[in-house]
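# Fold and geometry: a report
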Amino acid sequence: MTTLSGFYQLPDDAAPAGLTRVDSDLINYLDGQLLYASGTDTPVTAPLDDLVVSSGTAYPVVISNTVDSTIPALDRTDSQSEVSFSLLGIPKDERQLGLFSVVNSYGADPQNWRGNIGGTSDYTYYYDPTSYTFDGAFGYYQREIQTESALQAYVYPKARSFKYPFDDGTGRFPGDKTDGVMTQFWETKRAFRYQPGRITGVTLGVRMSTNSQHTGEVITWGVRNSVGDGYYFQLERGTDLYVVRQSATLGTLKVPRDSWNGDPITIDSNAAWSFDLRKVTMFSIQFGWYGAIGAEFYAYVPSEYRDARWVRLHGITASNEYSLPSLRSPFMKVFTQARTTAGTTQPAFINLYGSSVYIDGGDDGTLVTGSASMPEAKLIDSTDRSIMGLQLKPTINGVTNQQNIFPVSLGLRSDVDAKVTMAFETLPYNVNYTPGFGTSLSRGSSAVIPVARLSDTTLSGNFPNISGELVGNLNYLDGRRVKVEGAGIFRTHVSNYDSGLSQITVDRELPGSVTSIRLSRFNAWAMSSGTIPSGVTQGSVFYQTAGGYWRLGLVPQANTANWNPATQQVCWFASQYPGLAYNSLGAVTGESPFPQGPYIVQSFVVATGSTNTTITAGGQSITVSGVSPYPLRVVAELQDNASVTDVLYTTAPESVITIPGSGTSNTLPTWTASGVTQSSSAAGGITYVGSVFENAPNRVNSAAMIDTKGYRVLDSPNRVATYFIQSGEAVQYDLSPVFGSDRMFIGGTPGTVENTGALFVTASARNGSGYITATLDWEEQQ
């Protein structure tokens, strides 16, 4: 044990460090022994300048005057930042692990960021003409500001919405509203979860609009999850700054700036530094453990002349205070958001320059492995078709799945020279089933009819017999309305005719220059040769459209040989119909298809009673005499220049089709057509089937779903890797150079736009045809 013998200690009031004159013992340099005065035991000394070390009166320093014993000294005089300790009070001596770090020099990386693409739907005038909504500085943008290397969320609504001349029946309204709201945001596609025993931190460099004094303006930046939790800063009216803890279980805690419990320089107007959010400022938020220990909010600020440090602005203490956690989900996303309401006199915006996510220790988190193989080899030829698919499961035990999947290896075996490609494809609605590139039904233009304009709404000419086609709603879900096509004629239908078929009346004013028209009618159709057989009492029909106006329906007790489209009962479940397009002056500029948005799926239910059966699909119902409506067939009716593709059905309704493995998928590749052109050249023929994503075979709680049944051409593949395999070869490819937490991954909440889509393995034979099989291995970051 080391003692203080042989040491001396400076007194508490020692002078500052420097040189001092001391009497030093002299030593015989030959043997290292002390020299003594002749005949005495008195050491010989001489005056020397020696170094004195002192750190002031607060911390006396022990100094050794021997060479064989030392006392370690800890430096306690460094100026520590307020982020030197974790939220758990542990010194951050470990290497921080960076989970995410991005600057925006080259714009928004679609692998990392998503925005509120296409605007918002939470303001009243959603269907305003584009030229009106984005007139001058007005509008909503999520864009890159190249001169600042920033991602900007920008909103500036007009004081009043567009006023439509009349209600055209498409679900839009006359408008002229004053309660509009615009919201725009940037958000990471990946969700970053905290880890048990660790603290997660996020940093954001931002600047924003200020001093609007508009009550409806709210700008926020921080982290949030999909279940209503979040930690973020919030600026209201451009002047009122808050820190916010939003909790789905505990409610929202909103702390104004003058109530923060952190560094006083952030609230003292006489301090050396105060917030100016017009200038770029770095913020940080730290949190962990279901919010049960709270959160802390920081800013990087000047502390004195030519120096800066992280300071703690506010801390939320939650440890052992609540019966429920303040975070229901650990998966948090980084976001910035701007929101404002009609009546503001200036735009609201926030610019994001860079951000990062890290944990206070070198832990990659929990990774579990998964694997799936094709149950049997698939025949491939020169057409590139899917042989396997991998995507996120929408939910795990009823909880939204927010994990990420990283493919690690791909095993292949083929008896033919083959090309294998891995590609992402965004699935419609991210459900278990998706149409492929299958049969296409299309129709060209009808005959031109010369006409003379007799009045604003009357034409004379030689018209076909349309006596049974003038009734029904304009959404085409009943009746057989006849649409008028011609130069300058939009959303116009025949409302009456004379007995001699020489004169028609229409429902909108005709242009004075009209000399010819076409009559676009529901007199061309195609009925599926494949049927929905007896016993299928519920399901969904999938389809895609390439344009035009059309409708789809279910036909009970259908016989394709002698079906009469004018008299046969049909349960119409989907249609596309025209809406008027306006400019900012209220003038009609053309047509747009309605409803706006993709038509992909409609559910159907067959309910058999004692004497009759009710078929319900897409909100429409029909009653069929008898207890056996089978076989059911799908019918498509198309007006001029319309097309529908890739029709298939499943035996699961839309409400439950996100349950992995529910139902079966059946394509409808061939049709009996009348007046409609059918093309199946790109389809898989009788072997074609839509993708069916089912539970991964390795475990129930896996985050993955696997498709080994789909055999189709991808619609819009985003290719990420291509491999070549020779006939008779079995190979294993390492996918780690392509996929990983800092590279590509499968992620994003299913059913939302940030979802990366499904990863498909597609294959084609380089000559002839043959069979191929595949095995895919992956890791899931829990």
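Use the structure listed above.
Quick caveat: nothing in here was measured; it's all calculated off a predicted structure.

## Section: the sheet that holds strand 39 (residues 571-582)
- Across the sheet, six strands lie side by side as 40-39-38-44-36-47; this open sheet has antiparallel pairing. With partners counted over all chains shown, the strands left at the sheet margins are strand 40 (588-594) and strand 47 (671-674), one partner each. Neighbouring strand axes in the sheet, compared pairwise and without regard to direction, differ in orientation by 15° on average.

## A closer look at the sheet that holds strand 27 (residues 418-425)
- Here we have six strands laid out as an open sheet, ordered 50-51-23-54-27-52, and antiparallel in their pairing. In this open sheet, the two strands that pair with only one neighbour each are strand 50 (694-695) and strand 52 (718-725).
- Looking at chain direction, strand 50 and strand 51 (residues 704-707) are connected through two bridges and run antiparallel. Among the inter-strand pairings, Asn 695 is bridged to a residue of strand 51, identified as Met 705.

## Concerning the pattern of salt bridges
- Following the criterion strictly, the structure yields 18 salt bridges and no others.
- Among the salt bridges present, the one from Arg 224 reaches Glu 187, with a minimum N-O distance of 2.8 Å. Here Arg 224, found in strand 12 (residues 218-224), pairs with Glu 187, found in strand 9 (residues 181-188); they are 37 residues apart in sequence, far enough to count as distant.
- By relative accessible area, Arg 224 is classed as buried at 18%.

## Here's the deal with the pairing of strand 33 (residues 494-497)
- Judged from the three bridges that link them, strand 33 and strand 34 (residues 503-506) form a sheet pairing that is antiparallel. Within strand 34, the position partnered with Asn 496 by the bridge is Thr 505.
- Connecting strand 33 to the next strand, strand 34, in antiparallel fashion are five residues, including Leu 501 with a positive phi near 55°.

## Re the packing of aromatic side chains
- Following the criterion strictly, the structure yields 21 aromatic pairs and no others.
- Their ring planes at 45° and their centres at 6.0 Å tell us that Phe 162 and Tyr 582 sit as a pair that is tilted. Here Phe 162, found in the loop between strand 8 (150-156) and strand 9, pairs with Tyr 582, found in strand 39; they are 420 residues apart in sequence, far enough to count as distant.
- In this structure Phe 162 comes out as buried when scored by relative accessible area, which is 3%.
- Put simply, the rings of Trp 221, Tyr 231, Phe 233, Phe 283, Phe 287 and Phe 297 touch in pairs and so form one group of aromatic residues.
- Cation over ring: Arg 143 sits above Tyr 141, and NZ or CZ is 4.4 Å from the ring centre.
- Positioned over the ring face of Phe 522 is Arg 551, at 4.2 Å from the centre of the ring.

## Digging into unusual backbone geometry
- Note the cis peptide between Phe 594 and Pro 595, where omega equals -10°.
- Inspection of the secondary structure puts Pro 595 in the loop between strand 40 and strand 41 (601-608).
- Of the consecutive residues Tyr 630 and Pro 631, the connecting peptide bond is found in the cis state with omega at 0°.
- Structurally, Pro 631 can be placed in the loop between strand 43 (620-625) and strand 44 (633-638).
- With a phi close to 55°, Ser 149 is a non-glycine residue in the positive phi region.
- Within the element layout of this structure, Ser 149 appears in the loop between strand 7 (139-145) and strand 8.
- You will see that Gln 557, though not glycine, has its phi angle at about 45°, which is positive.
- Within the fold, Gln 557 resides in the loop between strand 38 (550-555) and strand 39.

## Quick look at the environment of Leu 501
- Here Leu 501 is to be found in the loop between strand 33 and strand 34.
- Under the relative-accessibility criterion, Leu 501 is labelled buried at 18%.
- Taking the C-alpha atoms as reference points, Leu 501 and Ser 467, 34 residues apart in sequence, are found 8.7 Å from one another.
- For Leu 501, the contacting residues outside a window of four places in its chain are Gly 461, Asn 462, Phe 463, Pro 464, Asn 465 and Ile 466.

## Overview of the side chain of Ser 212
- Note that Ser 212 resides in the loop between strand 11 (200-208) and strand 12.
- Those residues in contact with Ser 212 that lie beyond four places of it in its chain are Glu 217, Arg 237, Gly 238 and Gln 346.

## Topic: the pairing of strand 35 (residues 516-520)
- Bridge analysis of strand 30 (residues 449-455) against strand 35 gives two bridges, and the strand direction is antiparallel. Across the sheet, Ile 449 pairs through a bridge with Ile 517, a residue of strand 35.
- Pairing analysis gives three bridges linking strand 32 (residues 483-485) to strand 35, with the strands arranged antiparallel. What sits directly across from Lys 483, in strand 35, is Ser 520.

What counts, and at which threshold
Numbering of residues starts from 1 in each chain and follows the order in which that chain's sequence is written. Predicted model: local features are reported for residues with pLDDT of at least 70 only, side-chain atom pairs are reported and counted for 80 or more only, and whole-chain, interface and lining totals are derived from all residues. To get the side-chain values, all heavy atoms of the structure are used, and hydrogens and water are removed first. Two strands pair under a simple rule: DSSP has to find at least two bridges between them. Secondary structure elements are taken from DSSP: a helix is a run of H or I of four residues or more, a strand is a run of E of two residues or more, and numbering for both begins at the N terminus. To get an axis, fit a line to the C-alpha atoms, keeping to the stretch in contact for a helix; angles then go from 0 to 180 degrees between the N-to-C directions. We define a salt bridge as a contact between a side-chain nitrogen of Lys or Arg and a carboxyl oxygen of Asp or Glu at a distance within 4 Å. Accessible area is worked out with a 1.4 Å probe on protein chains only. A residue is then buried under 20% of its type maximum, exposed over 50%, and partly exposed in between. Working definition: a ring pair exists when centres of Phe, Tyr or Trp rings (six-membered ring for Trp) sit within 6.5 Å. Plane angles under 30 degrees give stacked, over 60 give edge-to-face, the rest tilted. We call a charge positioned over a ring when the NZ of a Lys or the CZ of an Arg lies within 6 Å of the ring centre and within 35 degrees of the ring normal. What makes two residues a contact is simply this: any of their non-hydrogen atoms within 4.5 Å.

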